[in-house]
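Below are the chains, spelled out letter by letter.
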Amino acid sequence: MTRTRQLALLWLLAVCLLLGHNAWLWAVKRIVPDTDIMALLPVQERDPVLQASFNHMVDAAQQRVVVLVGAADWEDAKRAAGAYSGVLAAHKDVLDATPVNEQTQSDYLSLFQKHRLTLLTAQQERQLREQPPAFWLETALAGLYAPFGGPKLGSWQEDPFGLFAGWVQERARETPVRPRDGQLFVADDKRQYVLLPMTLKVPALSMTAQETVLPLLKQAGEAARKAVPQAEVIQAGVILHAANASAQASGEVSTIGIGSLLGIILLMWFAFHSFKPISLILLSIGIGCLGALSVCWLLFGRIHLMTLVFGASLIGVAQDYGIYFLCNRLAADEQLDSPALLRRLLPGLGLTLLAAVIGYMGLALTPFPGLRQMAVFSALGLVFAWLTVVCWFPALIGGRSLKSGGLVRVYGAALRHWPVLRLNRATLVAAAVLALAAGYGISRLGANDDIRLLQNPPKHLIDDQLKLSKLLDAPTPVQYFLVRGASAEEVLQREEALKARLDSFIADKRITGYQAMSNWVPSAHTQAARRALLEEKLLAEGGPLHAIAAQTGEDAAWIAATKQGLLDLGAPLSLDAFLQSPASEPWRHLWLGQSDGVYASIVALRGMSNASARQVALAAENLHGVQWVDKVAEISSVLGRYRQDMSWVVLGAYAVVFGLLFRRYRSRTWRVLAPTALASVVTLALLGYTGQQLQLFHVLALMLLLGVGVDYGIFMQEHPDRGDRTPWLAVGMSAANTILSFGLLGLSSTPALQAFGLTMLMGTALVWLFVPCFGFIKESAHD
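The following refers to the structure shown. Because the structure is predicted, anything quoted here is derived from the model rather than measured.

Cut-offs used in this document
- Residues numbered from 1 in each chain as written.
- Predicted model: local features only at pLDDT ≥ 70, side-chain atom pairs only at ≥ 80, totals over all residues.
- Heavy atoms only, no water.
- Helix = DSSP H or I, 4+ residues; strand = E, 2+ residues; numbered from the N terminus.
- Rg over C-alpha atoms; globule rule 2.2 N^0.38 Å.
- Buried < 20%, exposed > 50% of the residue type's maximum accessible area, 1.4 Å probe, protein only.
- Contact = heavy atoms within 4.5 Å.
- Salt bridge = Lys/Arg side-chain N within 4 Å of Asp/Glu carboxyl O.
- Axes fitted to C-alpha atoms, helices over the stretch in contact; angles between N-to-C directions.
- Parallel < 35°, antiparallel > 145°, perpendicular 65-115°, else oblique.
- Left-handed = near helix turned anticlockwise from the far one by under 90°.
- Nonpolar A, V, L, I, M, F, W, Y, C, P; charged D, E, K, R; others polar.
- Expected span 1.5 Å × (residues − 1).
- Arc of directions from axis to C-beta.
- Patch = residues over 30% accessible without salt bridge, like charges linked within 9 Å, V, L, I, M, F, W, Y side chains within 5 Å.
- Areas by Shrake-Rupley, 256 points an atom, 1.4 Å probe, with all protein chains shown as cover.
- Pairing = 2+ DSSP bridges.
- Polar contact = N/O pair within 3.5 Å; in protein donor to acceptor, adjacent residues only side chain to side chain.
- Phe/Tyr/Trp six-rings, centres within 6.5 Å; stacked < 30°, edge-to-face > 60°.
- Core = buried A, V, L, I, M, F, W, Y, C linked by side-chain atoms within 4.5 Å.
- Bend = angle between axes of the 7 residues up to and from the residue.

Looking now at the overall build of the chain. Across its full length, the chain carries 29 helices and 13 strands. Here the C-alpha radius of gyration of the chain, 35 Å, is well above what a compact globule of 783 residues would show, namely 28 Å. On the principal axes, the C-alpha backbone points of the chain span a range of 125 × 55 × 50 Å. Burial analysis of the chain (783 residues in total) assigns 51% to the buried set. The long-range fraction of contacts in the chain, counting pairs at least 24 apart against all pairs at least 6 apart in sequence, stands at 82%.

As C-alpha cells, this is what we get:
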C-alpha cells in the first residue's frame, strides 16, 4: 500500500469520526445555537462582584415579558387586555401572568404594617426634627376630620400622624403604575393602558422557546386588536430581541453560505468544465465546516449563532488550498503524478495555511468570548480543509490532467496587460501620489467603539422599548450604582448615604428617582434612630399625642393604649423578612447578597438621560464601597482599547509572517507581503473618504486580510516566471470567491459584521489588483 493511500485511509477514518460526532450532536444531542448577545461580550474577570451585578441585572430582565394594551377609553383598554390575556391563559406552562387583586395588595402591605413606626420618608424625618408640636397636632386632626385627607391604611388610631400612609405613597411613586379595577393601570396624554407583566417559564434565549412564544404573542396581539380595532399593543422583552437576532442571523447564514457555494460552483465550472473539481472543492469545504463544528463544541460546549454567520464566510477562504492544487494540476503535464505534484507544492501550501491561521488567531487575542469562538472555528475549518486537500486530492485525482475552460484562457491572457513594478520615474510618481492620497484619506478617519454596533434591532422593537420605558419610568439595567460592604447592614447604610446625594439630582430633574433595597428596608441604625426620634417628638409626655387626646377628649387610658400600639409596631424590619415576603418580588434583583466575601446591592436609576449620566456618576465620589457602573461605556472603552492594541498586533503579525517566509523566499519576501500591506493602507484611506468611523472590526478584518492576502503573494512567488499563468489563475479564483463571501457578509444587518465584510471585500479586491505588480521577477520569453 502506497503512502498516499495510507494517508487517504487514515483521513477517511478521521472524517468518519467527524461525521459520527456531528450526527450525534444534531440527531441525539439536538444542539441549538446560542443566541445570547451577552455571550459575545467580555467578562469582567478582575472584578467578579461587578460582573455578578451585571449578570444579576440581565438575568432579572431576561425572563420577563412586559405588555401594554391601550386605548383612549379605559373600558376599551380592559376589553382588549382581556382578549390578549385570554389567548395566553391556556399556555401558563410557557408564559405566566402576575395576578393583581385586593388580596395581592393586602399581602404586599401586611409585612410593613407590622413595622410602621420605623418606616419614614426623608421628608418626614426632616419634619420631625424641624416642625413644632403644633404642626403634628394639626396633621393628626386633619387626618381625623377631613373626609378626603388621602389614603387611609388601617384605623386612624394606628397611624394618627399619617406617617405610614406617607411612606406607602412615596414607595408607590417608584412607579407610575397603579391598581385599578383589578388591573394594573398606567396612562399618557392619549391613551390608558393595562399593564400585563409576565414571566417566561422557558429560557428566553432558546430558539425552541422563541418559536413557541412569538406566535403566541402575535396571536394575542391580533385578538386584542380584533376585540378593539383601535387598541395599541406594546410588547417588550429580551426574547423579542433574541428571536429577531436569531431570524436575522439564520437568514444571513443562508445568504452567505448558499451565495458563496453557488459562486464557487459557477466559477469552478467555467474554469474546468467538469463536476469533479467542483465536488472536490465542496468536499474540502464541507469537511472543514464539520471539523470546526465538532472541535468547537468540544472546546466551548456550545456554538453561538454569530459564529455560524461568520463561519459561513469561511467558505470563501477554505477553498484556496484546493483551488491552488487544482490550478497546478491543470498546468502540470501528465507525466507528473498528483502525489509528486503535492510534494512540490507542500511548502507553499503549508505557509499559506500558517499565514491564514495567524490572521484568524489575531481575533482570538480579543477579550470577547464570541470573537474567540469565531476565530477558533474559522482556523479549525481551514486546518481541516487543508488536511482534506493534502490527504485526499492526490489519491482522488491521480495522474490525470484536468481540462481548462474558456475562463482560464481569457483570464490568463489578461496578465500580459498588467503593469509590473519597476524602479523608474513613473513608479516613483505613482507611489508619491498614492502616498499623499492615502495619507489624506486616513487622516479623515474617525473612531466609533460603541458596543451597540454589535446588534441592530428593527425600529419597531426599539420604538416599543422606548415607549414602554417612558410610560413605566423603568430604570436601565446597564447603568447603576454598585454598593458593597462587609455586612448587609453596612451595605444598607452606604445606600442611604448615596441616596442622600441622589436626592439633589432628583431636585435638579437629572433623574426622576431611584430604586434601592434601603427604600424598603432601612438600615438597623436608621430604624433605631427613627424610633427614638418618634418617641421623642410625638409620643413623649406633653407631646403631640397628649395634645390630640386633649383636643378630642380622650383620657390617659387612650393615650397609653395608642402609644403602646404604636410602639408594638416599631420592631425593626429585617432584610431577610422582606426578601421572603411577596412585596419583595419586584425588587429582589437589587440585592446580590454575599459574593466573593462581600455583600453587595444595586441602586437603579429612573428617568436618567445619557446627557445626565456623567454628572450623576459623580454621586459615588468619595463614598467608600460605592461604584458607578456604566456597562455600555465600559465595554465600548474596552473595544476602543483593543482597537488600538490590535492595530499594533497587526503590525507585529506582519513582522512574524515576514520572519516565517524569509527562510524560503529571502530577498523576495517583501514581494509576498507588499500587496497585502499596500491594500490595507488603501482600504483605510477608502474608509476615510467614504466617511466611515474606524472600529475594532475594521482592524480585525485587516488582521484576517493579512492571512488571506499573503496566500496570493505566496502563490505568485512559488511561480515567479511571468509566463506561468498557474498562480495568476489560482489567485483570481481564490480572490473571486473570497470577495463573494465577504461581500455577502458586508450585506449583514449587524453593523460590526458589515464593517468586517466590507473591509475584507475592498482589501481582497485590492490585493488581487496589486499582487501581479509585485509577483514576477523573471519576464517570460513570450512577453
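Our next topic: the pattern of salt bridges. Side chains bearing opposite charge may pair, as long as their charged atoms lie close to each other. Enumeration according to the criterion identifies 17 salt bridges in this entry. Across the salt bridge formed by Glu125 and Arg530, the nearest N and O atoms sit 3.2 Å from each other. Within this pair, whereas Glu125 is found in helix 5 (residues 122–130), its partner Arg530 is found in helix 20 (residues 524–539), the two being separated by 405 residues in sequence. On the accessibility criterion, Glu125 (17% relative accessible area) is buried. Measuring nitrogen to oxygen at the nearest pair gives 3.0 Å for the salt bridge that ties Arg606 to Asp473. Remark: Asp473 occurs in the loop between helix 17 (459–472) and strand 8 (479–485) and Arg606 occurs in strand 11 (residues 598–606); sequence separation between them is 133 residues. Both residues of the pair, Arg606 and Asp473, belong to the buried class.

Further remarks concern the packing of helix 6 (residues 133–145) against helix 21 (residues 544–552). In contact at an axis separation of 9 Å, helix 6 and helix 21 are set at 50 degrees when each is read in the N-to-C sense. With respect to each other, helix 6 and helix 21 are oriented oblique. Both helix 6 and helix 21 take part in a crossing whose hand is right-handed. For the pair formed by helix 6 and helix 21, the contact residues are Pro133, Trp136, Leu137, Ala140, Leu141, Leu144 and Tyr145 on the first element and Pro544, Ala547, Ile548, Gln551 and Thr552 on the second. A per-class count over the contact of helix 6 with helix 21 returns 10 nonpolar, two polar and no charged.

Time to look at helix 20. Over its 16 residues, helix 20 runs 21 Å from end to end, which matches the ideal 22 Å to within 8%, given 1.5 Å per residue. Those residues of helix 20 that sit buried are Thr526, Gln527, Arg530, Leu533, Leu534, Leu538 and Leu539. End-on, the buried residues of helix 20 take up no more than an arc of 160 degrees, which puts them together on one face. Exposed residues pointing more than 90 degrees away from the buried face of helix 20 are listed as His525 and Glu536. The inward-facing, buried residues of helix 20 abut helix 5, helix 6, helix 7 (163–172), helix 18 (488–507), helix 21 and helix 22 (556–568).

A separate point is a nonpolar patch on the surface. There is a patch of nonpolar side chains on the surface, built from Leu266, Trp269, Phe270, Phe275 and Leu407 and spanning about 510 Å² of accessible area. Here the nonpolar patch takes three residues from helix 9 (residues 238–272), the largest share from any one element. Structurally, Phe270 can be placed in helix 9. Here Phe270 falls in the partly exposed class, since its relative accessible area comes to 45%.

Of all seven residues in strand 8, seven are buried, a share of seventy percent or more. In strand 8, alternate side chains face the same way, and those of Gln479, Phe481, Val483 and Gly485 on one face and Tyr480, Leu482 and Arg484 on the other are all buried. Pairing of strand 8 with strand 12 (residues 626–630), which is carried by five bridges, proceeds in the antiparallel orientation. Looking at strand 12, one finds that Phe481 is bridged to Trp628. Pairing geometry for strand 8 and strand 11, over six bridges, is antiparallel. Pairing of Phe481 across the sheet is with Val603, part of strand 11.

With respect to the helices and strands, the residue Glu718 is situated in helix 27 (residues 696–718). A polar contact of 2.5 Å, which involves the side chain of Glu718, links it to the side chain of Tyr665. Among all residues touching Glu718, those that are not within four sequence positions of it are Tyr324, Gly348, Arg664 and Tyr665.

With that settled, the discussion passes to the environment of Ala142. On the secondary structure map, Ala142 appears in helix 6. Separated by 18 residues in sequence, Ala142 and Pro160 place their C-alpha atoms 9.6 Å apart.

This paragraph deals with unusual backbone geometry. Located in the positive-phi region is Asp473, a residue other than glycine, with phi close to 50 degrees. Positive phi, normally seen in glycine, also occurs at Arg666, with a value near 50 degrees. With respect to the helices and strands, the residue Arg666 is situated in the loop between helix 25 (631–665) and helix 26 (669–689).

Once that is clear, we can look at the packing of aromatic side chains. Evaluated as defined, the whole model comprises 22 aromatic pairs. Judged by centre distance (5.9 Å) and plane angle (50 degrees), the rings of Tyr440 and Tyr689 are tilted. With Tyr440 in helix 16 (residues 425–443) and Tyr689 in helix 26, the pair connects residues that are 249 residues apart, well separated along the chain. Residue class for Tyr440 comes out partly exposed when judged on its relative accessible area of 46%. On the numbers, 5.9 Å between centres and 10 degrees between planes, the contact of Trp728 with Trp768 is stacked. Here the residue Trp728 occupies a position in helix 28 (residues 726–745), and Trp768 occupies one in helix 29 (residues 751–775), the gap between them amounting to 40 residues. We classify Trp728 as buried; its relative accessible area is 0%. On the basis of relative accessibility, which here comes to 25%, the residue Trp768 falls in the partly exposed class.

Next up on the list: the side chain of Glu232. As for its position among the elements, Glu232 is in strand 6 (residues 232–237). Residue Glu232 is classed as buried on the basis of its relative accessible area of 18%. A polar atom in the side chain of Glu232 sits 2.6 Å from the side chain of Tyr193. A distance of 2.9 Å separates polar atoms of two side chains, one belonging to Glu232 and the other to Lys467. In contact with Glu232, other than residues within four places in its own chain, are Leu68, Val69, Gly70, Arg191, Tyr193 and Lys467.

As a further point, take the nonpolar core. Grouped together as the largest cluster of nonpolar side chains are 104 residues, with contacts concentrated most on Met268, Val710, Met733 and Phe756. The biggest single contributor to this core is helix 27, with 16 residues. Counting residues in hydrophobic clusters, the runner-up holds 49 residues, among them Trp167, Tyr480, Leu590 and Ala620.

This part takes up helix 18. Taking 1.5 Å per residue, 20 residues should reach 28 Å; helix 18 reaches 29 Å between its end C-alpha atoms and fits that length. At Ala500, helix 18 shows its maximal kink, close to 25 degrees. Within the sequence span of helix 18, burial applies to Val491, Leu492, Arg494, Glu495, Glu496, Leu498, Lys499, Leu502 and Phe505. Residue Lys509 follows helix 18 closely and has a positive phi angle near 65 degrees.

Moving on, we come to the packing of helix 20 against helix 21. Packing of helix 20 against helix 21 leaves a shortest axis separation of 6 Å and a crossing angle of 35 degrees. Within the contact between the two elements, helix 20 uses Lys537, Leu538 and Leu539 and helix 21 uses Pro544, Leu545 and His546. When the residues that make up the contact of helix 20 with helix 21 are grouped by side-chain class, the tally is four nonpolar, one polar and one charged.

With that settled, the discussion passes to the environment of Val357. Structurally, Val357 can be placed in helix 13 (residues 338–364). In the structure, Val357 is positioned 273 residues away from Asp630 in sequence and 35 Å away in space, judged by C-alpha atoms.

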